[in-house]
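Observations on chain architecture
Each chain is listed here by its residues.
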Amino acid sequence: MAPKSRVPEKSSVSTSSAPKAKKAGSADAQQIVQDVWSKYVNKTPQRVKLLDSFMVFLIVVGVLQFVYCLIVGNFPFNAFLSGFSATVGQFVLTASLRIQTNPENKAEFESISHERAFADFVFGSLILHFFCINFIN
Amino acid sequence: MAAAESETDKFIKQVSGRNTRGLLRVIILCLIAGAAVASRLFSVIRFESIIHEFDPWFNFRATKYLVQNGFYSFWDWFDDRTWHPLGRVTGGTLYPGLMVTSGAIYHLLRFLTLPVDIRNICVLLAPGFSGLTALATYLLTSEMVTSPSAGLLAAAFMGITPGYISRSVAGSYDNEAIAIFLLVFTFFLWIKAVKNGSMFWGALTALFYGYMVSAWGGYVFITNLLPLHAFVLICMGRYSPRLYVSYTSWYALGTLASMQIPFVGFLPIRSSEHMSALGVFGLLQLVGGVEWIRTQIPSKQFQTLLRALVLFIFVVALGGLVLLTVSGVIAPWTGRFYSLWDTGYAKIHIPIIASVSEHQPTAWPAFFFDLSMMIWLFPAGVYMCFRKLTDEQVFIVIYAVLASYFAGVMVRLMLTLTPIVCVASAMAFSQILDTYLNAKTPKAEPAKENGDSKDAAKVAAAAVLPEGLRSTRQPLIGVYSYASKLTVMGASVVYLLLFVLHCTWVTSNAYSSPSVVLASRLPDGSQHIIDDYREAYYWLRQNTPDNAKIMSWWDYGYQIGGMADRPTLVDNNTWNNTHIATVGKAMSSREEVSYPIMRQHEVDYVLVVFGGLLGYSGDDINKFLWMVRIAEGIWPEEVKERNFFTPRGEYRVDEEATPTMKNSLMYKMSYYNYHSLFPAGQATDRVRNARLPAQGPELSTIEEAFTSENWIIRIYKVKEPDNFGRDHQSATSFDKGHKKKKAPKRKGPRVLRVE
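Per chain, residues are indexed from 1 in the order of the written sequence. Each chain gets a letter, beginning with A, and each ligand a number, beginning with 1, in the order they are written. Residues qualify for local features only when their pLDDT is at least 70, as the model is predicted, and side-chain atom pairs are given and counted only at 80 or more; totals for whole chains, interfaces and linings, by contrast, use all residues. Side-chain descriptors were evaluated using all non-hydrogen atoms of the structure, hydrogens and water having been removed beforehand.

1. Structural notes on the sheet that holds strand β7 (residues 702-707) of chain B
Residues and elements named next belong to chain B.
- Paired strands are those between which DSSP finds at least two bridges. Helix numbers and strand numbers start at the N terminus; a helix is a DSSP run of H or I with at least 4 residues, a strand a run of E with at least 2. Spatially, β3-β4-β8-β7 is the arrangement adopted by the four strands of the open sheet, whose pairing is mixed. Looking along the sheet, the strands with just one partner apiece sit at the ends: β3 (549-551) and β7. Mean inter-strand twist for the sheet, computed between neighbouring axes without regard to direction, equals 30°.
- Alignment of β7 against strand β8 (residues 713-718), held across five bridges, turns out to be antiparallel. Following the sheet pairing, Glu704 is matched in β8 by Tyr716. Every axis in this analysis is a line fitted to C-alpha atoms, fitted for helices over the stretch in contact. Angles between the N-to-C directions lie between 0 and 180 degrees.

Listed below in structure tokens is the structure:
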């Protein structure tokens, strides 16, 4: 479930723009995607991009694990679960960090400075990986 | 001098006013915690430092095992002294939080060179944690409202309300002892997380949630309440990044934390009870993703499309979930869960759940009994949450609605209702206090808080009254008349005092009995202790071989394990219904049927509880019908409930009892030799007010081994097979014939007892 939300940057936009393409032609849709992409590349701070790439990596790892589980089987179920939840959990924590440090959300998170957000992120990740290692058998 | 004094006065007022108030608050909270602990000590003072009731005896035994053998062997504990001959994987089938907590306290005190007996730690654990619960309630309430008095009131309410005391008196060493503290504290952390949108608080929520999972099966309540809160917030259009951060960090960490407990294991991803949390997690990912994309895309059309997409995916996911449940990948709801929706469900399908008295629906008076005046303050508090519906107040409303329903369905769940009742009624009460106490004293702290209500009052007054009235011309609207202030405050104080009186009375009279030791009043008013249980268990401990198997109804399994330290067939961990039904069948059948069952299970002694002499109503004859029902569930051909009722549908034990009843092992064991206590034909059962037959029942396959002082516990020894290969019936009749039918009352048991 988690992987679905962030990839859409490309995929879901292109799918949802499909009906519109009928009216304005596929060139328009392409245009929009390009606009969004260039806006993203230009306007997003470098740090946030770093987080984004980490999240994409996590999604890829998560999907790989899931596919492996579907194809090969889930025999060491503990191991699969802890691996998969590690990616999901890390993804969620990274997304939270991204949300908290994003300047656009400044108003929502007045009480949380960027340093605090990062400290929280480290705290959450430590707990997450402790549980995963404990659970992996 | 005076000038200096006024100087210091000013100084105190200006600089340390807040500090003083903080200090006062700490002192008050400590006093509340002290009162909470003290009011739970009735049972220790009246009786002694003893573990109560049934389940606590198992927890106590497990704690002793943990302290003696260390954590790892506790974790892998296979107990061969219960559920003979099956055994029980105890380490994997219990919630270890309670035992580990008291074990940790024990080792900490040892480390501090305070050698305290583990039993005392166990006895006093629940009162100690109730003090912490009061603090947690204070924190939770303070998050809800800005009025500082509400938190203190809530803490005080929580500290002494009987609804919570009922499960946390000294000696009731049960999971709930620490679980309620964890419940309230987890909710506090959750509210904090939602308010701040902080990963840190979310992670803390997850940690305490994990602790809660390790402590009590009631964690499912949190598992469903937090997602419901998030879901309602989303539906109200209140999605915010804060919600995303707090919920996802709680769920991702909390689920992993809960899976660390062997008893829970894969349940969080396999059973329906946990699916709502997963679903809301997915929904939040969707909503979060869509929100983010929306900021990237300018067009309005996409936004509607996206919204449709979210709805579509949500519906598909829901369908998938249903499909998975139907196909069996995800376990459907458990019976206990169904019985929450359909109160008749358990009685039909799972008699073993229905047979437990705390799983019965709550009677109306119980609400007033347990919550007293808070039961009518509670709706007012909930209403006040509606006036200013912030995120955290939505939580109160949801919690209140859900918990009220559950408390109505099951007596036991009154416990989950109590915290929210305390919080809500404290909010209502503090509103009264703030309005009537502080209207004219602006130096008191809640004056600022009063702003809203005053403004509202002003507007209302302006609407109703003509402009020229003197009262409306005044800049401040409030209650000025001392008479009305005094009346309301006086009434409130009286109510509070009555509340304290009620709580103390209920605690001391209803909830402080250990039920292992009974108390009664002699005609001269002095207390008389009835200690039959311990007398009998101690007899077992002293007079039977170490591995003598005791058969009794499952209620007494934990006590026999804990106090007599003997293997049992069934106990209060009712994991194997068939095994319990076997015992039920042995109890409810004729001797000829029961004897082979008992031999097969290597039973050496049979223990029954009989209250007929003393008028003790919680005895086995009164529980007998449940044994019959549970046995009937497995062997409908051999045990029939109908046969235990007279043709007129009465459940009788006297002359008119049905033959099935009279021949059942339970009836025989209960009334064996009973008539010998009375003049001929005068034997009466004081519980059921029945005159018993003049001729008492005869036993051939078992013999009386022990009967306690007041006949509450009777223990029988299962006879070995006859030396001459006869069956026991003919052997007995032969013996009797030899004695020239001298007397039906044999003195055998008396002789045995003297030994």
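The rest of the description comes next.
2. Describing the interface of chain A and chain B
- With 48 residues of chain A at the interface, the matching set in chain B holds 41 residues.
- Buried surface at the junction of chain A and chain B, summed over both partners, amounts to about 3,900 Å²; 73% is from carbon and sulfur atoms.
- Salt-bridge detection follows one rule: a side-chain nitrogen of Lys or Arg within 4 Å of a carboxyl oxygen of Asp or Glu. Joining chain A to chain B, the criterion identifies zero salt bridges.
- Whenever two N or O atoms come within 3.5 Å, that pair is a polar contact, provided that in protein one can donate a hydrogen and the other can accept it, and provided that, for residues adjacent in sequence, both atoms are side-chain atoms. Summed over the shared surface of chain A and chain B, the result is five residue pairs in polar contact (both at pLDDT 80 or more).
- Of all the elements in the fold, those that place two or more residues in the side of chain A that touches chain B are α1 (2-6), α2 (11-16), α3 (18-24), α4 (26-43), α6 (77-101) and α7 (114-135) of chain A.
- In terms of residues, the side of chain A that touches chain B owes the most to one element, α6(A), which gives 15 residues. We call two residues in contact when some of their heavy atoms are within 4.5 Å. Buried area counts how much accessible surface, traced with a 1.4 Å probe, disappears from two parts once they are put together, with both parts' losses summed.

3. A short note on the pattern of salt bridges
Residues and elements named next belong to chain B.
- Summed over the entire model, instances satisfying the criterion amount to 27 salt bridges over all chains.
- As a salt-bridge pair, Glu48 and Arg534 come within 2.6 Å of each other at their nearest N and O atoms. Of the two residues, Glu48 is situated in the loop between α3 (42-46) and α4 (55-75) and Arg534 in helix α26 (residues 532-543); the sequence distance between them amounts to 486 residues.
- By relative accessible area, Arg534 is classed as partly exposed at 24%.
- The residue Arg81 makes a salt bridge to Asp565 at a minimum N-O spacing of 3.8 Å. Separated by 484 residues along the polypeptide, Arg81 in the loop between α4 and α5 (97-111) and Asp565 in the loop between α27 (557-564) and α28 (577-588) bring together distant segments of the chain. Only protein chains enter the area calculation, which uses a 1.4 Å probe; residues under 20% of their type maximum are buried, those over 50% are exposed, and those in between are partly exposed.

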